[in-house]
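# Breakdown of the fold
Here's the letter readout for the chains.
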Amino acid sequence: MKKDATTEDRRDKSGMALHLVKEAIDALHARSPNSTSTAVRKLQTAAILIDNKALAAWCDFQLGKLEHLISNGKNEDIQVYASRLCDKLDEHKIPFTAEELLPRLSEAGGNVSSIEFIEDILNQIQKEKRGNDGTHYQQNLRRVISATANAAAIHANRLYASLAFGEIPRQYFDLIRERVDNLLLDICPETIEQFMTAYERLSGGREDWSLALTSCRRIIKAVADVIYPPKNGKVAGREIGDQQYINRIRAFLDENIASSSDKDLAKAHIGYLGSFIEEVNKKTSKGVHSVVNHEEAVRTVLYTYLTIGDILDFTPESVFKALKEKGKLNINSASIEEMLSVPGMTNSIAKQIVKRRVKRAFSSIEELQELKGVGPSTVQKLGVAMIALPTT
């Protein structure tokens, strides 16, 4: 009983943390005054809830809690200070990149002051229509805020992925995987076979992990080719040619999701997945498969499944419309007349399908075997022209 209570408490904290991370992502998308500090504060609370010490330390630094330890000394050489600052960050196990650190070396950008203070100073300078206040300069302050916002977005997307998907029950993930596999078998059967094999062999060696990453790239591009074929020109300032498949999926989401919050969330997912795959691709393109680790392979495979699952959930009719052009019918929405045009379909089966989907939608074509008079051979025949997609 005690174990159950502990598990429940952990889930409650994870749920609260997930809600805070979503709010942090929303704040970063808003790009309003003080939105970066708002996001950092929410990430800090989320990190404390789930005991993520590294992220909590990063937030503490951004909120000025370590300022007294690592502020710039008077007349201190910039190289000496940079070295001392790096040592302190390392000592406190604060995850930092050069892109974040460099803008903070100058007092003109606020140095190690809290991000709230830096945003307030910038707001005041802008309000008074000045370029600086004698110490701080708009350009420097903007660089610090921008670097912090970019880092916060990376932390938030990673944490969201961990909280939303890291502890998904196996049964639930298998349901998502089954739906996605069925869709991919219709879009890119050759590639999905490799992908399914790679998933099953994630416990294997580095060559298997590398295969999984390669398959993920091919599958995401195959999905993009179906739902948003390559075009000349740009959408929202981004190229949408053959190799810009992440941009094409983003454009598809923009055009087909009505809710702004759902759109931002879906785009955050695909943006994170695209950036992650791009970084891993830089490593694998060098021909050194040994640099691909197991964590990268697992994360990419799972996140590919979940991202495509989100696309199905957010834009089912738009995905179906693209598939219909390839001759596919959605078993969860097709009329009896449409279904009767499918080879192997009978009036009896079509009526049973309608009755069944009123109670519960089909999650896969294989579930047709639950109907009277439908066996594996009939399912295989119907599966050539039908697919199970959710309906709005």
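In terms of helices and strands, the protein chain carries 18 helices and 4 strands. Within the span of the protein chain, comprising 392 residues, buried residues form 47% of the whole. Put simply, of all contacts in the protein chain between residues at least 6 apart along the chain, 64% involve residues at least 24 apart. Carbon together with sulfur atoms contributes 50% to the accessible area of the protein chain, which is approximately 20,100 Å² in total.

So, about the environment of Gln124. Counting through the fold element by element, Gln124 comes out in helix H7 (residues 115-127). Side-chain polar atoms of Gln124 contact the side chain of Glu128, separated by 2.4 Å.

Opposite charge on two side chains permits them to pair, given that their charged atoms come into close proximity. On inspection of all chains with the given rule, the structure shows 12 salt bridges. Two residues, Asp225 and Arg248, come together in a salt bridge whose shortest N-O distance is 2.9 Å. Of this pair, Asp225 sits in helix H11 (residues 206-227) while Arg248 sits in helix H12 (residues 245-256), placing them 23 residues apart in sequence. On the accessibility criterion, Asp225 (28% relative accessible area) is partly exposed. Put simply, Lys221, Asp225, Asp242 and Arg248 are held in one network by salt bridges that share partners.

Here we come to the packing of helix H2 (residues 35-49) against H7. One can describe the packing of H2 onto H7 by two numbers: an axis separation of 8 Å at closest approach and a directional angle of 165°. As summarised for this structure, H2 and H7 are arranged roughly antiparallel, according to the angle between their axes. Helix-helix and strand crossings are classified by hand; for H2 and H7 the assignment is left-handed. From H2, Ser35, Thr36, Ser37 and Arg41 reach across to H7, where they touch Ile115, Glu116 and Glu119. For the contact of H2 with H7, the per-class residue count stands at 1 nonpolar, 3 polar and 3 charged.

A word on the packing of aromatic side chains. The description of two aromatic rings rests on the distance between their centres and on the angle between their planes. Under the defined criterion, the tally for this structure stands at 0 aromatic pairs. Seen from the ring of Tyr228, Lys231 lies directly overhead, with NZ or CZ sitting 4.5 Å from the centre. Its guanidinium or amino end placed over the ring of Phe362, Arg356 lies 4.3 Å from that ring's centre, counting from NZ or CZ.

What follows deals with helix H3 (residues 53-62). By the criterion of burial, H3 is predominantly enclosed, with 7 of the 10 residues buried. Within H3 the residues assigned to the buried category are Leu55, Ala56, Ala57, Trp58, Cys59, Phe61 and Gln62. Immediately downstream of H3, the backbone of Gly64 shows phi near 80°, a positive value.

About the cut-offs
- Here the residue numbering is sequential within each chain, running from 1 through the sequence in written order.
- In keeping with the model being predicted, local features are shown solely for residues with a pLDDT of at least 70 and side-chain atom pairs are shown and tallied solely at 80 or more, while totals for entire chains, interfaces and linings include all residues.
- Processing note: side-chain calculations cover all non-hydrogen atoms of the structure and skip hydrogens and water entirely.
- Starting at the N terminus, helices and strands are each numbered in turn, a helix being any DSSP run of H or I of at least four residues and a strand any DSSP run of E of at least two.
- Each residue gets one of three labels from its accessible area relative to the maximum for its type: buried under 20%, exposed over 50%, partly exposed in between, using a 1.4 Å probe on protein chains only.
- In what follows, a contact means two residues having at least one pair of non-hydrogen atoms within 4.5 Å.
- We get accessible surface area from the Shrake-Rupley algorithm with a probe of 1.4 Å; when it comes to residues, only the shown protein chains can shield them.
- Polar contact is the term for a pair of N or O atoms within 3.5 Å; when the atoms are in protein, one must be able to donate a hydrogen and the other to accept it, and sequence-neighboring residues count only if both atoms are side-chain atoms.
- By definition, a salt bridge exists where a carboxyl oxygen of Asp or Glu is found within 4 Å of a side-chain nitrogen of Lys or Arg.
- Comment: axis = line fitted to C-alpha atoms, over the contacting stretch for helices; angle = value between 0 and 180 degrees taken between N-to-C directions.
- Each angle receives one of four descriptions, namely roughly parallel if under 35 degrees, roughly antiparallel if over 145, roughly perpendicular if within 65 to 115, and oblique otherwise.
- Less than a right angle of anticlockwise turn of the near helix away from the far helix marks a crossing as left-handed, whereas a clockwise turn marks it as right-handed.
- Each residue is assigned to one class: nonpolar for Ala, Val, Leu, Ile, Met, Phe, Trp, Tyr, Cys and Pro, charged for Asp, Glu, Lys and Arg, and polar for all the others, Gly among them.
- The criterion for an aromatic pair is that two Phe, Tyr or Trp rings (for Trp, the six-membered ring) have centres within 6.5 Å, with stacked assigned to planes under 30 degrees apart, edge-to-face to planes over 60 apart and tilted to the rest.
- To sit over a ring, a charge needs its Lys NZ or Arg CZ within 6 Å of the ring centre and within 35 degrees of the ring normal.

Nothing here speaks to function; it is all geometry.
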